[in-house]
Amino acid sequence: METHRRSSTNSVRSHKPARPIALEDDSTKASDALPLPLYLTNAVFFTLFFSAVYFLLCRWREKIRSSTPLHVVTFSEIVAILASVASFIYLLGFFGIDFVQSLVLRPSADVWATEDDEVESEVLLRNEDARHVPCGQALDRSIRSLQPPAPIVTAEKVFDEMPVTVMTEEDEEIIRSVVCGMTPSYSLESKLDDCKRAAAIRREALQRITGKSLSGLPLDGFDYESILGQCCEMPVGYVQIPVGIAGPLLLNGREYSVPMATTEGCLVASTNRGCKAIHLSGGATSVLLRDGMTRAPVVRFGTAKRAADLKLYLEDPENFETLACVFNRSSRFARLQSIKCAIAGKNLYLRFSCFTGDAMGMNMVSKGVQNVLDFLQTDFPDMDVIGISGNFCSDKKPAAVNWIEGRGKSVVCEAIINGDVVTKVLKTSVESLVELNMLKNLTGSAMAGALGGFNAHASNIVTAVYIATGQDPAQNVESSHCITMMEAVNGGKDLHVSVTMPSIEVGTVGGGTQLASQSACLNLLGVKGASKESPGANSILLATIVAGAVLAGELSLMSALAAGQLVKSHMKYNRSSKDVSKVSS
């Protein structure tokens, strides 16, 4: 949305259309005054500058060798000094006449006009358009039922493809109220009862407050009602991320087209090559090892003995059934699996593990933990709950407890790649892959002190699939814990490759999974929503697909490294000579 800002002494006023300028009709350029074409003039000054500098350097070197004072100059040296200064000034101011022309004649990307521009706009507006439009209509994105005003398109608009329409007088008053601080920005949805309108008003108020344009950030084409109260607060638009498809991935006898949302070139292409190698070799197999989301509150007692008493109580099998009944009241899907405790002085950390169905389950397990803490307060009244999360969980942080005990879904995925496929598709050899995996993913990661990072780039695939399917991208920290193993089998002819991932945290209901784009990607994989036949089956299948995609990505990248193709492929797929800004405009 394009608007103008007046000087700081004036209050925020209505949007005025910028002066329409027919750029194509004015072919006169400042460079036309030059006796030579612009490129020849530039060449002359470049040659003059470097020739003069080279001449002076040579002369000064001779003076130094002959002990002649530098301040004693000849006529030729004076001419060279003047020529170098003059050409330098031209070149400095140049980049130059053509550059200045682009700034003067090109529609400005800065939407905040000066006072003089506004005066000109007012005169032109009176001469060219006799309509009297209320000032508040300059920002309207709503649909008029009675004689809607024609949209006003300014000459300064560069990125928006849709015409900028006007807002009502009421909207203008709300914008002014937000700008001056009388109306909190976060309250617009509740006050207006229109999420799209609230986002548009908040966006315009932000532009006026900061003096920065958001013209490249889309506003239209998004369902803001769907994120209210659960996905994102105070929206002003949405970010576009391209989604590519890798596959088909043949996993456990079924084919999957894996959606990947990423801005990294070569990532989807590389994963797709890995899927091809797996498919030609008969497919991959994945196995679920564990399924349990965790939450670990921290409580404090007056003495370490009291903390130990609670630890013994919680770990007593006779008390587990009672605690499980209390915990499971939080949800019809929640099922407490285990409680493990760790003591630090008089502080006790309780790590609850729980089955959460098709939901990722953070909120579900937190509610169950709160129920248990309230129940324990009766028998342990001196227990002081410091926090519902004490980082012994551990969520969105690299932690050995997740690497060892697991969190979310723990999955192992394997495949045997035929030697011919390794040679023809992956362009390398079984021996090279095995050696590289040992020295890079195992030894190299150990030298770096890696925690769960014994892989080539598991987080690349995990994050791309997470964004496409509406998962929490921050949980790629522990979800990307992975160890990649490669071994020569069948007499050294074929390659056995596997990935073991103990902390894949995914869900197919709740959070961002209900958004239209993410829901479509889940539907593509056949895991949309909750499983009616077997609770938790969809989220488990999604976790195995993530592991299968990681297996494909690991196989392809390791092959590129072994064959020396990494730099070449990135130069081909991750570089572009196209000027994106010109394409957008």
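Keep in mind it's a predicted model, so treat the numbers as computed, not measured.

A few words on the nonpolar core. Judged by nonpolar contacts, the single largest core of 53 residues is most densely connected at Met260, Ile417, Val550 and Leu555. It is helix H18 (residues 537-563) that provides the largest number of residues to this core, a total of 13 residues. When residues no more than four places from it in sequence are discounted, the contact partners of Val550 are Ala458, Ile461, Val462, Cys482, Val499 and Met501. Formed by 29 residues, the second largest nonpolar core is a distinct cluster that contains Phe301, Phe327, Val365 and Leu373.

What follows concerns a negative patch on the surface. On the surface, a cluster of negative charge is contributed by Asp193, Asp194, Asp223 and Glu225. Within the secondary structure, Asp193 sits in the loop between helix H6 (188-192) and helix H7 (195-210). You can call Asp193 exposed: its relative accessible area is 69%.

Mapped onto the elements of the fold, Val385 is located in strand S7 (residues 384-387). Judged by relative accessible area, which is 32%, Val385 ranks as partly exposed. Sequence-wise, Val385 and Phe301 are 84 residues apart; in three dimensions their C-alpha atoms are separated by 9.1 Å. If we ignore the near neighbours within four places in the chain, the residues touching Val385 are Val298, Val299, Leu373 and Gln377.

The next subject is the pairing of strand S11 (residues 494-504). For a regular strand, side chains alternate in direction, first toward one face of the sheet and then toward the other. The buried fraction of S11 is high, at nine of eleven residues. Where strand S8 (residues 408-417) lies against S11, eight bridges are found, and the strand directions are antiparallel. Bridge pairing in S11 places Lys409 opposite Ile504. Pairing geometry for strand S10 (residues 482-489) and S11, over seven bridges, is antiparallel. The residue of S11 that forms the bridge with Met485 is Ser498. Between S10 and S11, which pair antiparallel and follow one another directly, the connecting turn spans four residues, one of which, Asn490, has a positive phi of 55°.

Structurally, the position occupied by Phe55 is in helix H1 (residues 38-65). When the C-alpha atoms of Phe55 and Ser76 are compared, they prove to be 9.5 Å apart, with 21 residues separating the residues in sequence. Excluding residues that lie within four positions of it along the chain, Phe55 makes contacts with Ser76, Glu77 and Ala80.

What follows is about the packing of aromatic side chains. If you walk through the whole model with that rule in mind, you get nine aromatic pairs. Summarising the aromatic geometry, the rings of Phe46 and Phe50 are spaced 6.3 Å apart at their centres and angled 10° between planes, so their arrangement reads as stacked. Pair noted here: Phe46 and Phe50 are both in helix H1, with a separation of four residues, about one helical turn. Of the residues examined, Phe46 reaches a relative accessible area of 31% and is grouped as partly exposed. Overall, the relative accessible area of 51% leaves Phe50 in the exposed class. In this structure an aromatic cluster arises from ring pairing among Phe46, Phe49, Phe50 and Phe88.

It is worth spelling out the packing of helix H8 (residues 267-280) against H18 at this point. As a packed pair, H8 and H18 sit with axes 7 Å apart at the nearest point and diverge in direction by 100°. As far as their axial angle goes, H18 and H8 are roughly perpendicular. For the pair H8 and H18, the contacting residues are Ser270, Thr271, Arg273, Gly274, Cys275, Ala277 and Ile278 in the first and Ala549, Leu551, Ala552, Gly553, Leu555, Ser556, Leu557, Ser559 and Ala560 in the second. Residue composition of the contact of H8 with H18, grouped by class: nine nonpolar, six polar and one charged.

Turning our eyes to something else, we now look at the packing of helix H14 (residues 430-447) against H18. With their axes 10 Å apart at the nearest point, H14 and H18 run at an angle of 100° to one another. Overall, the two elements H14 and H18 adopt an arrangement that is roughly perpendicular. Counted together, Ser432, Leu433, Leu436, Asn437, Lys440 and Asn441 of H14 and Glu554, Met558, Ser559, Leu561 and Ala562 of H18 form the full contact between these two elements. When the residues that make up the contact of H14 with H18 are grouped by side-chain class, the tally is five nonpolar, four polar and two charged.

Applying the stated criterion across every chain yields a total of 21 salt bridges. A salt bridge links Asp382 to Arg306, with the nearest nitrogen and oxygen atoms 2.8 Å apart. Here the residue Asp382 occupies a position in the loop between helix H11 (362-379) and S7, and Arg306 occupies one in helix H9 (residues 304-314), the gap between them amounting to 76 residues. When its relative accessible area of 26% is taken as the criterion, Arg306 is described as partly exposed. Bridged by salt links that share partners, the residues Glu172, Glu173, Arg176, Glu204 and Arg208 form one connected network.

A few words now on the confidence of the model for the protein chain. Per-residue pLDDT for the protein chain averages 83, and the proportion of residues at 70 or more is 77%. Here residues 1-27 scores under 50 on pLDDT; set against residues more than four positions off or in separate chains, the count is 78 contacts. Predicted confidence is poor over residues 103-165, with pLDDT under 50, and the contacts of this stretch with residues over four places away or in other chains come to 120 contacts.

Moving on, we get to unusual backbone geometry. Cis geometry is adopted by the peptide bond preceding Pro248, which originates at Gly247 and carries an omega value of 10°. For Pro248, the position within the fold is in strand S1 (residues 243-251). For the bond from Cys393 to Ser394, the omega torsion is 0°, close enough to zero to count as cis. Structurally, the position occupied by Ser394 is in the loop between S7 and helix H12 (400-405).

Here we come to helix H5 (residues 169-179). A turn of α-helix holds 3.6 residues, and therefore any two residues three or four places apart point the same way. Those residues of H5 lying buried are Asp171, Glu172, Ile174, Ile175, Ser177 and Val178. Looking at the buried residues of H5, the elements they touch are H6 and H7. Once H5 ends, the next one or two residues include Gly181, with phi positive near 90°.

Note on placement: Thr356 falls in the loop between strand S6 (347-355) and H11. Assessed through its relative accessible area of 3%, Thr356 is described here as buried. With residues up to four places along the chain from it excluded, the contact list for Thr356 reads Met293, Phe333, Gly361 and Met364.

What counts, and at which threshold
- Residues numbered from 1 in each chain as written.
- Predicted model: local features only at pLDDT ≥ 70, side-chain atom pairs only at ≥ 80, totals over all residues.
- Heavy atoms only, no water.
- Core = buried A, V, L, I, M, F, W, Y, C linked by side-chain atoms within 4.5 Å.
- Buried < 20%, exposed > 50% of the residue type's maximum accessible area, 1.4 Å probe, protein only.
- Helix = DSSP H or I, 4+ residues; strand = E, 2+ residues; numbered from the N terminus.
- Contact = heavy atoms within 4.5 Å.
- Patch = residues over 30% accessible without salt bridge, like charges linked within 9 Å, V, L, I, M, F, W, Y side chains within 5 Å.
- Areas by Shrake-Rupley, 256 points an atom, 1.4 Å probe, with all protein chains shown as cover.
- Salt bridge = Lys/Arg side-chain N within 4 Å of Asp/Glu carboxyl O.
- Lys, Arg positive; Asp, Glu negative; His and termini not counted.
- Charge placed at Lys NZ, Arg CZ, Asp CG, Glu CD.
- Pairing = 2+ DSSP bridges.
- Phe/Tyr/Trp six-rings, centres within 6.5 Å; stacked < 30°, edge-to-face > 60°.
- Axes fitted to C-alpha atoms, helices over the stretch in contact; angles between N-to-C directions.
- Parallel < 35°, antiparallel > 145°, perpendicular 65-115°, else oblique.
- Nonpolar A, V, L, I, M, F, W, Y, C, P; charged D, E, K, R; others polar.
- pLDDT = per-residue confidence, 0-100.

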